[in-house]
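# Structure assessment
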Amino acid sequence: KIGSLRVISRTSSMMFKGTKKDIPAIAREVHVRYVLEGSVRKAGNNLRITAQLIDAAEDTHLWAEKYGGTLDDVFDIQEKVSGSIVDALKLKLTPKEAELLAERPIPSALAYEFYLKARQEILKWTEAGLENALRYLRNGLEIVGENALLYAGMAHVYFQYFNLGLKEEEFGRKQAEDYVQKAFALDPDCPKANFVRGNLIAWSRPKEGAQCFKRVLDKDPNDFDTLFYDSCFLGTLGRRRAVLPLEERTIKIDPLNPLAYIHSGLNRLWEGEYAVGLERLEKFHRSFPADVMTKWFYGLSLAYMDRKEEAG
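Residues numbered from 1 in each chain as written. Predicted model: local features only at pLDDT ≥ 70, side-chain atom pairs only at ≥ 80, totals over all residues. Heavy atoms only, no water.

### Section: the pattern of salt bridges
Heads up, the condition is: Here a salt bridge means any side-chain nitrogen of Lys or Arg lying within 4 Å of a carboxyl oxygen belonging to Asp or Glu. By the criteria applied, helices consist of DSSP H or I runs no shorter than four residues and strands consist of E runs no shorter than two, each listed in order from the N terminus. The buried label goes to any residue with under 20% of its type's maximum accessible area, the exposed label to any with over 50%, and the partly exposed label to all in between, with areas taken from a 1.4 Å probe on protein chains only.
With the rule as written, the count across this model stands at 23 salt bridges. With a closest N to O distance of 3.8 Å, aspartate 225 and lysine 192 form a salt bridge. Of the two residues, aspartate 225 sits in helix H11 (residues 224-236) while lysine 192 sits in helix H9 (residues 191-201), which places them 33 residues apart along the sequence. Taking relative accessible area as the criterion, lysine 192 reaches 17% and is therefore assigned buried. Glutamate 273 serves as the salt-bridge partner of arginine 268, at 3.3 Å between the closest nitrogen and oxygen. Judged by relative accessible area, which is 28%, glutamate 273 ranks as partly exposed. Within this structure, Arg240, Glu247, Arg268, Glu271 and Glu273 form a network of salt bridges that share partners.

### Remarks on the pairing of strand S2 (residues 46-55)
So the rule is basically this: Only strands that DSSP links by at least two bridges are regarded as paired with each other.
Across 10 bridges, the pairing between strand S1 (residues 34-43) and S2 is antiparallel. Counted as the bridge partner of valine 35 is isoleucine 54 from S2. If you look at the hairpin formed by S1 and S2, you'll find two residues sitting between the two strands, and glycine 44 has a positive phi there, around 65°. Between S2 and strand S3 (residues 60-70), which pair antiparallel and follow one another directly, the connecting turn spans four residues, one of which, aspartate 59, has a positive phi of 55°.

### Description of H11
Worth spelling out the cut-off: For a helix, the expected span equals 1.5 Å multiplied by the number of residues minus one.
Between the first and last C-alpha of H11 there are 19 Å, a value that for 13 residues agrees with the 18 Å anticipated at 1.5 Å per step. When you tally the buried positions in H11, you get 12 out of 13 residues, the bulk of the element. When H11 is considered as a whole, its buried residues turn out to be Phe224, Asp225, Thr226, Leu227, Phe228, Tyr229, Asp230, Ser231, Cys232, Phe233, Leu234 and Gly235.

### Describing the packing of helix H12 (residues 240-253) against helix H13 (residues 259-270)
Each packed pair of helices is defined by two parameters, the angle between the axes and the distance between the axes. As a reminder of what qualifies: Helix axes use the C-alpha atoms of the stretch in contact, all axes being lines fitted to C-alpha atoms, and the angles between their N-to-C directions lie in the range 0 to 180 degrees. Our angle categories are set so that under 35 degrees counts as roughly parallel, over 145 as roughly antiparallel, 65 to 115 as roughly perpendicular, and the remainder as oblique. Working rule for handedness: look at the near helix, and if it is turned counterclockwise from the far one by less than a right angle, call the crossing left-handed; if clockwise, right-handed. What makes two residues a contact is simply this: any of their non-hydrogen atoms within 4.5 Å.
Relative orientation of the contacting elements H12 and H13 amounts to 155°, with a least axis distance of 9 Å. As summarised for this structure, H12 and H13 are arranged roughly antiparallel, according to the angle between their axes. When the axes of H12 and H13 are compared, the crossing they make is left-handed. Every residue of H13 that contacts H12 at Arg240, Val243, Leu244, Leu246, Glu247, Thr250 and Ile251 is listed here: Ala260, Tyr261, His263, Ser264, Asn267 and Arg268.

### Concerning the nonpolar core
Cut-off, in case you're wondering: For this analysis, a nonpolar core means a set of buried residues of the types Ala, Val, Leu, Ile, Met, Phe, Trp, Tyr and Cys, connected via side-chain atoms within 4.5 Å.
Counting residues in each nonpolar core, the largest one holds 59 residues, and the members touching the most others are Val157 and Ile262. Sorting elements by how many residues they give to this core places helix H7 (residues 148-164) first, with 11 residues. In this structure, valine 157 is in contact with Ile122, Leu130, Ala133, Leu134 and Leu137, ignoring residues within four places of it in sequence. Membership of the second largest hydrophobic core comes to nine residues, among which are Ala51, Leu53, Ile77 and Val81.

### Brief notes about the environment of glutamate 146
Looking at where glutamate 146 falls in the secondary structure, it is placed in the loop between helix H6 (127-144) and H7. For the pair glutamate 146 and lysine 182, spaced 36 residues apart in sequence, the C-alpha separation works out to 8.7 Å. Excluding its chain neighbours within four sequence positions, the residues that come into contact with glutamate 146 are Tyr151 and Leu186.

### Brief notes about the environment of glycine 129
Within the secondary structure layout, glycine 129 lies in helix H6. Each C-alpha atom, one on glycine 129 and one on valine 157, is 9.3 Å from the other, the two residues being 28 residues apart in sequence. Leaving out residues up to four positions away in the same chain, glycine 129 has contacts with Glu121 and Ile122.

### Concerning a nonpolar patch on the surface
To keep it simple, the criterion reads: Like-charged residues within 9 Å of one another, or nonpolar side chains (Val, Leu, Ile, Met, Phe, Trp, Tyr) within 5 Å, are grouped into patches, provided each residue has over 30% relative accessible area and no salt bridge. Accessible areas in this description were obtained via Shrake-Rupley with a 1.4 Å probe; residue shielding takes into account the shown protein chains only.
Together, Trp270, Tyr274, Tyr304 and Met305 line one region of the surface with nonpolar side chains, adding up to about 350 Å² of accessible area. Of note, tyrosine 304 is situated in helix H15 (residues 292-304). For tyrosine 304, a relative accessible area of 35% corresponds to the partly exposed category.

### Some thoughts on the side chain of asparagine 147
Here asparagine 147 shows up in the loop between H6 and H7. Classification of asparagine 147 as buried rests on a relative accessible area of 7%. When near neighbours in sequence (up to four residues on either side) are disregarded, asparagine 147 contacts Pro105, Ile106, Pro107, Leu141 and Leu186.

This is the structure in structure tokens:
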């Protein structure tokens, strides 16, 4: 949420959980200067959190702290940790960035946990995952009542039903549109609702769809989902100049996530750079060999290279 910082996405960061690699080696692998390291211990409703910020280039500690409290205090602790990092790096926040750091889109820690679990299920791109996501989001809504972020999550689930062709087209699309409007009624600037709306209208109303994606990235320039879909969308329109910085940022914030490379591969195909497209899509295919979408795009890149037997 701070424009001057590039924060590595959770998908790449969690690759190092339990690793024996030292901090400088990890920093080199994902091209960062600073590493936040720590642990969270939970006993019942009680939390104990340790955190330390390390300058990987110098292999020195800039700041370290321990926090204690309950699950109800987790958002306060999160804000304190963020503030400490800002102070240690001597960053000057804009008023908008300070507001974003203090933002709490879901008031309950448990409901927020349900939202995060739902998001992970959505990203599995399976019908079972979407059913699990719906259950988590409904649990969250039972706890806090109407909530813009949870409604946007529901919209994302139904968009995925529509996107993957798992339900009748109008079922998924109509439900997604309804939940987008519910989210906007509570928060007219809800980024995740703008993300889903952008996907729903981009192909029929490109200018409006692009505006929705822009609203998300104006508020959160590191939103992986929006960077990914916006890049794919602009690539099909031949907007190379607009696509390249999106591709670059997506890969930089999640360098160990194969999904970060698929849009780059597809966009190279649309540009006629078939060998580069094949190389990038092959990397994605190696990571997810059983994924239907992966097979399709990799096969497409082989066909463009006139390797039709392999593509078949």
